Amino acid sequence: MTAIVSVKNLTKIYEGGFTALNDVSLDIEQGEILALLGPNGAGKTTLISAICGLVSPTSGTITVGGHDIISEFRAARSLIGLVPQEITIEPFETVINTTKLSRGLFGMKRDDAHIEETLRALSLWDKRKSRNVELSGGMKRRVLIAKALSHEPRVLFLDEPTAGVDVELRRDMWNLVRRLRDDGVTIILTTHYIEEAEEIADRVGVINKGEILLVEDKTSLMSKLGKKQLTIDLQQPVEAIPQSLSSYPLTLGPEGKSLIYGYDTSAERTGITKLLNDLAAAGMTMSDMSTSQSSLEDIFVDLVKEDAP
Amino acid sequence: MNWYAIAAIYKFEMARTFRTLAQSVASPVLSTILYFVVFGSAIGSRIDDIEGVQYGAFIVPGLIMLTLLTQSVSNASFGIYFPKFIGTIYELLSAPISFIDIVVGFVGAAATKAVMIALIILATSTFFVDLQIAHPVWMFAFLFLTAITFSLFGFIIGIWAKNFEQLQLIPLLVITPLVFLGGSFYSISMLPPAWQTVSLFNPVLYLVSGFRWSFFEVADVSVGISLAMVCVFLALCLTAIWWIFKTGYRIKN
């Protein structure tokens, strides 16, 4: 795998002195779907804007397809498609002309067949002669995507593509993203929705306060998610874990009222049955029990919380 | 240069012109006709010929310049301000195009539209007055140079403006007075000597004078100076554009 987008030591301090990005380094591999997760104001959009040339970096370097985004901006930018978070679209022009403009802006020769294909793929063909202002919110978002796809980008940035979008359109977008990936397009999307990252991303990056806290394969993240906890509430509090149970990875709950047992659901044996038998043998009586699973959301919340001052 | 991009911007902007044809073309033509009726026929019939030129004809170059200047400034300033206002400028900034490409596309379209309207007004005016053009090549040279220069100026205003009010401010408070006081409707020789000197500081005077010379060979200042002044103003605008490009002023964080 080679990095198609490489961000090195990127810092962005806005004029007012606000540090939006602090020494961020990130390699995005060719053909992957990377989801950037982070709360509002974490720096997701600034990161994308810096890569796309909308924001000038304070320091650091960015290359796209090996081209520096400043000294070789034409080569770098012609690889990139950007779908912005806000719906910004020329209101009085028609769908098809807006889309054609984008293709031209990116220096590509007129290709009506490609435009038609793009508009059809986004179910916009029937609306091609409508003015943008007449479209619904979801349709406008499709137009933004059509604009980005009109110039056949190799790297596609989707800044919160499914914010405020109905379930059907969200599914459509996910399918579209997968199709594009199959065509070899690298996709970077930002999202608030953990399930979106879980659903389509190959890798997940968590960003907060201008720093990347983690970038990991979704599968290895998922294996962390595979960990479950069994909490056993005891009728009689204990002061210590009995000797006979020392072979289990147990921790004592608050005030000795419960035992907490961590186990791996993907393992062949969870050891729960044996533990419960041994508990009974040790003369302990349970009042209740519950299990919990850490989700990507928990990991995310923990990461972001740890990061708080 | 990214020619496809320049062509795309140009076409998109021209499409706006044709989409709003009534507003873009009909209204300047109508207001020019009104000027002819008021200044040319009603008042003009009581005014003597100026340097051998009938007053109705004398004001034609001034009227064309008036429209050319205001149209160039408003087309170009609106053209670039609107994407800033609605946010579509993100695409211009993220496209593989340089600021020069953007300027050529927008200014080219704004100037084209202004020249188109100027020519329509010229054609309209032949219905009212007997018109002869002594130096058509120079007339077109002044027309194009002025349209390009003031479209650049408009582009700068569009970049500078933070709201619609500011967008209107310069055309209203600067361009209009300069045009009216720049000898569009009179020869500065008709003014008291002190005001003649003041008028020489008005850049529009040189445009109108040079343009009028290309029609009637009658001018307030020599045509060479007129041409030089247009070029100076063009150079100033290009310098400002270059500075905006270097600093990303009001377009990029």
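Residues numbered from 1 in each chain as written. Chains lettered and ligands numbered in written order. Predicted model: local features only at pLDDT ≥ 70, side-chain atom pairs only at ≥ 80, totals over all residues. Heavy atoms only, no water.

**Points about the overall build of chain B**
For chain B, the helix and strand inventory stands at 10 helices and zero strands. Taken from the N to the C terminus, the helices and strands of chain B come in the order α-α-α-α-α-α-α-α-α-α. Computed over C-alpha atoms, the radius of gyration of chain B comes to 19 Å, within 12% of the 18 Å expected from 2.2 N^0.38 for 253 residues, which places it in the range of a compact globule. Its C-alpha atoms give chain B principal-axis dimensions of roughly 60 × 35 × 35 Å. Sorting the 253 residues of chain B into buried and exposed places 52% on the buried side. Look at the contacts in chain B between residues 6 or more apart in sequence, and 80% of them connect residues 24 or more apart. By element, 71% of the accessible surface of chain B is carried by carbon and sulfur atoms, the whole surface being about 11100 Å². (Helix = DSSP H or I, 4+ residues; strand = E, 2+ residues; numbered from the N terminus. Rg over C-alpha atoms; globule rule 2.2 N^0.38 Å. Buried < 20%, exposed > 50% of the residue type's maximum accessible area, 1.4 Å probe, protein only. Contact = heavy atoms within 4.5 Å. Areas by Shrake-Rupley, 256 points an atom, 1.4 Å probe, with all protein chains shown as cover.)

**As for the sheet that holds strand S10 (residues 211-217) of chain A**
All names here are of chain A. The strand order across the open sheet formed by six strands is S6-S7-S8-S3-S9-S10, and the pairing between neighbours is mixed. Edge positions in the sheet fall to strand S6 (80-83) and S10, since each of these pairs with one other strand and no more. Neighbour to neighbour, the strand axes of the sheet diverge by 15 degrees on average, direction disregarded. As paired elements, S6 and strand S7 (residues 155-159) share four bridges and run parallel to each other. Along S7, the bridge assignment pairs Leu 82 with Phe 157. The strands that helix H1 (residues 44-52) touches are strand S3 (33-37), S6, S7, strand S8 (186-191) and strand S9 (203-208); relative to S7, the one it contacts most, it runs at about 150 degrees. Lying on the sheet, helix H5 (residues 137-150) is in contact with S6 and S7; it crosses S6 at an angle near 170 degrees. (Pairing = 2+ DSSP bridges. Axes fitted to C-alpha atoms, helices over the stretch in contact; angles between N-to-C directions.)

**Observations concerning the domain arrangement of chain A**
Domain boundaries assigned for chain A yield domain 1 (3-223) and domain 2 (227-293). Its C-alpha centre places domain 1 of chain A at a distance of 47 Å from the equivalent point of domain 2 of chain A. (Domains from an automatic or database assignment.)

**With respect to the packing of helix H5 (residues 99-125) of chain B against helix H6 (residues 136-160) of chain B**
Residue and element names in this part refer to chain B. Where H5 contacts H6, the two axes come as close as 8 Å, and the packing angle between them is 130 degrees. Taken together, H5 and H6 sit at an angle that is classed as oblique. Where H5 crosses over H6, the handedness of that crossing is right-handed. Residues Phe 99, Ile 102, Val 103, Phe 106, Val 107, Ala 110, Ala 111, Val 115, Ala 118, Leu 119 and Leu 122 of H5 lie in contact with H6, whose contacting residues are Met 139, Phe 140, Leu 143, Phe 144, Ala 147, Ile 148, Ser 151, Leu 152, Phe 155 and Ile 159. (Parallel < 35°, antiparallel > 145°, perpendicular 65-115°, else oblique. Left-handed = near helix turned anticlockwise from the far one by under 90°.)

**Quick notes on the sheet that holds strand S5 (residues 67-68) of chain A**
All names here are of chain A. Read across the open sheet, the four strands follow the order S2-S1-S4-S5; overall the sheet is antiparallel. Pairing within the sheet leaves two strands with one partner each, and these edge strands are strand S2 (19-29) and S5. Pairing of strand S4 (residues 59-64) with S5, which is carried by two bridges, proceeds in the antiparallel orientation. Note on S5: the bridge partner recorded for Val 64 is His 67. Contacts between H1 and the sheet are confined to strand S1 (3-13), S2 and S4, with S1 contributing the most and set at about 115 degrees to the helix.

**Points about the pattern of salt bridges**
Taken as a whole, this structure holds 20 salt bridges over all chains when the rule is applied. The shortest N-O distance in the salt bridge between Glu13(B) and Arg16(B) comes to 2.9 Å. Of this pair, Glu13(B) and Arg16(B) both sit in helix H1 (residues 3-19), three residues apart, roughly one helical turn. Assessed through its relative accessible area of 9%, Glu13(B) is described here as buried. Linked by salt bridges that have partners in common, Glu90(A), Glu93(A), Glu13(B), Arg16(B) and Arg19(B) make up one network. (Salt bridge = Lys/Arg side-chain N within 4 Å of Asp/Glu carboxyl O.)

**Here's the deal with the packing of aromatic side chains**
Counted according to the given criterion, the structure contains 21 aromatic pairs over all chains. Aromatic side chains Tyr261(A) and Tyr263(A) sit 5.8 Å apart centroid to centroid with 15 degrees between the ring planes, which places their arrangement in the stacked category. Ring centres 4.8 Å apart and planes at 70 degrees place the aromatic pair Phe85(B) and Phe164(B) in the edge-to-face group. Taken together, the residues span a long stretch of sequence, with Phe85(B) in helix H3 (residues 55-86) and Phe164(B) in helix H7 (residues 164-180) at a distance of 79 residues. Assessed through its relative accessible area of 48%, Phe85(B) is described here as partly exposed. Under the relative-accessibility criterion, Phe164(B) is labelled partly exposed at 32%. Three or more aromatic residues joined by ring pairs form one cluster here, namely Phe99(B), Phe106(B), Phe155(B) and Phe245(B). When the ring centre of Trp125(A) is taken as origin, the NZ or CZ atom of Arg128(A), which lies over that ring, is 4.1 Å away. Above the plane of the ring of Phe58(B) lies Arg212(B), whose end atom (NZ or CZ) is 3.6 Å from the centre. (Phe/Tyr/Trp six-rings, centres within 6.5 Å; stacked < 30°, edge-to-face > 60°. Lys NZ or Arg CZ within 6 Å of the ring centre and 35° of its normal.)

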